[in-house]
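# Working through the structure, step by step
The lines below spell out each chain.
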Amino acid sequence: MITSQGRIGDRTPHAIAGARACSDMLAVRLSTEAHVVGRESEHRVDDWSVSLPAANETLSGLAREVVAAIDAGDIPLLSVNTCSAALATLPAAARTIPGLKMLWVDAHGDFNTPVTTGSGYLGGMALAGACGLWESGHGSEVMASDVAIIGIRDIDRAERELLESARVTLMAGSIDLEAVLSFIGDAPVWIHIDWDALEPDHVPAAYRIADGLLPGELRSLLEAIPAERIAGIELAEFEAPDDERARAKALAIIGDIVEPLIASNSR
């Protein structure tokens with residue numbers, strides 16, 4: 001279990017707490033302890049050119065933990081505050097696991113670059129950096145054609161052009177299990193989940209995008225993926241509510257959704 005507690009472009013106040021809460025819940029279920037990377041710091045709205053250098057130490061630490069887990073024969077299970085973690089974790093995994101496919105479950109493509117970003121948000125550039133469309137300093141070994149984005153429905157115009165030209169597989173709307181399994185084939189697969197992929201009001205996330213996936217639909221996807229294919233799991237962007245009852249409800253939903261992955265991780 002790997003937990004990010006350092007700021008990695010966070011613009012919202014509860015993502016670091018969300019990563020820790022999710023990690024604590026999973027650690028109890030798995031009877032394990034988390035490897036904590038980074039130190040808590042305040043969220044702020046800044047440009048990627050500022051937030052990336054500030055995040056470098058945490059990102060490098062996450063990459064090291066991913067490689068160490070894989071080298072030890074374990075399946076990396078990460079609970080991270082923002083999708084920016086993938087700038088380092090995905091290249092590290094791709095360097096270490098030949099033929100790795102990526103399932104990116106997210107309402108967004110996170111495929112902007114310093115040229116196309118309108119917001120300057122580091123998280124909105126994470127997958128593009130891992131695929132080498134811009135230089136983050138944390139690697140670019142992910143082949144864009146080995147990435148499928150599931151649940152995508154909020155894409156910038158320029159970002160869509162980049163996704164299409166890079167031959168990223170886009171799966172909008174209801175999940176087509178047959179198409180997902182065909183995409184994976186016999187390859188190992190890394191699963192990244194941003195909780196804004198869900199319909200709002202199930203798991204709090206930084207962004208509320210309507211017409212999302214339902215919890216049962218996402219669980220069914222994870223159940224359908226053969227356990228022996230799962231090479232890594234990354235959970236991101238849980239905005240932990242201050243209200244204890246609301247937090248417990250959200251964590252119960254997360255736990256139920258990822259139960260098939262937990263079984264794989266404990267094998």
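Each remark here, short or long, concerns the structure printed above.
Structure report, in brief. (Residues numbered from 1 in each chain as written. Predicted model: local features only at pLDDT ≥ 70, side-chain atom pairs only at ≥ 80, totals over all residues. Heavy atoms only, no water.)

## Some details on helix 2 (residues 48-71)
Because an α-helix completes one turn every 3.6 residues, residues spaced three or four positions apart along the sequence face the same direction. A bend of about 50° at N56 is the largest found in helix 2. Those residues of helix 2 not exposed but buried are S51, L52, A55, T58, L59, G61, L62, A63, V66, A69 and I70. The inward-facing, buried residues of helix 2 abut strand 1 (2-4), strand 2 (35-37), strand 3 (77-80), helix 3 (86-96) and strand 7 (189-194). (Bend = angle between axes of the 7 residues up to and from the residue. Helix = DSSP H or I, 4+ residues; strand = E, 2+ residues; numbered from the N terminus. Buried < 20%, exposed > 50% of the residue type's maximum accessible area, 1.4 Å probe, protein only. Contact = heavy atoms within 4.5 Å.)

## Description of the packing of helix 2 against helix 3
Between helix 2 and helix 3, the least distance of the axes is 8 Å, while the angle of their chain directions is 30°. Of the possible angle classes, the one that applies to helix 2 and helix 3 is roughly parallel. As helix 2 packs across helix 3, the resulting crossing turns out to be right-handed. Residue-level inspection shows L52, L59, L62, A63, V66, V67, I70 and D71 of helix 2 in contact with helix 3, the latter providing L87, A88, T89, A92, A93 and T96. (Axes fitted to C-alpha atoms, helices over the stretch in contact; angles between N-to-C directions. Parallel < 35°, antiparallel > 145°, perpendicular 65-115°, else oblique. Left-handed = near helix turned anticlockwise from the far one by under 90°.)

## Thoughts on the environment of E33
Residue position: E33 is located in the loop between helix 1 (15-30) and strand 2. When its relative accessible area of 67% is taken as the criterion, E33 is described as exposed. The spacing of E33 and S23 is 10 residues in sequence and 9.0 Å in space, taken between C-alpha atoms.

## Some words on the state of the cysteines
Here the structure, examined in full by the defined rule, presents 0 disulfides. You can see C22 has no disulfide; the closest cysteine sulfur is in C83, sitting 13 Å from it. On the accessibility criterion, C83 (1% relative accessible area) is buried. (Disulfide = S-S within 2.5 Å.)

## A closer look at the pairing of strand 4 (residues 101-105)
In terms of burial, strand 4 is largely enclosed, as 5 of its 5 residues are buried. On strand 4, burial covers both faces: K101, L103 and V105 on one face and M102 and W104 on the other are all buried. The pairing of strand 4 with strand 7 spans 5 bridges and is parallel. Counted as the bridge partner of K101 is V189 from strand 7. The pairing of strand 4 with strand 5 (residues 147-150) spans 4 bridges and is parallel. Looking across to strand 5, one finds that L103 is bridged to A148. (Pairing = 2+ DSSP bridges.)

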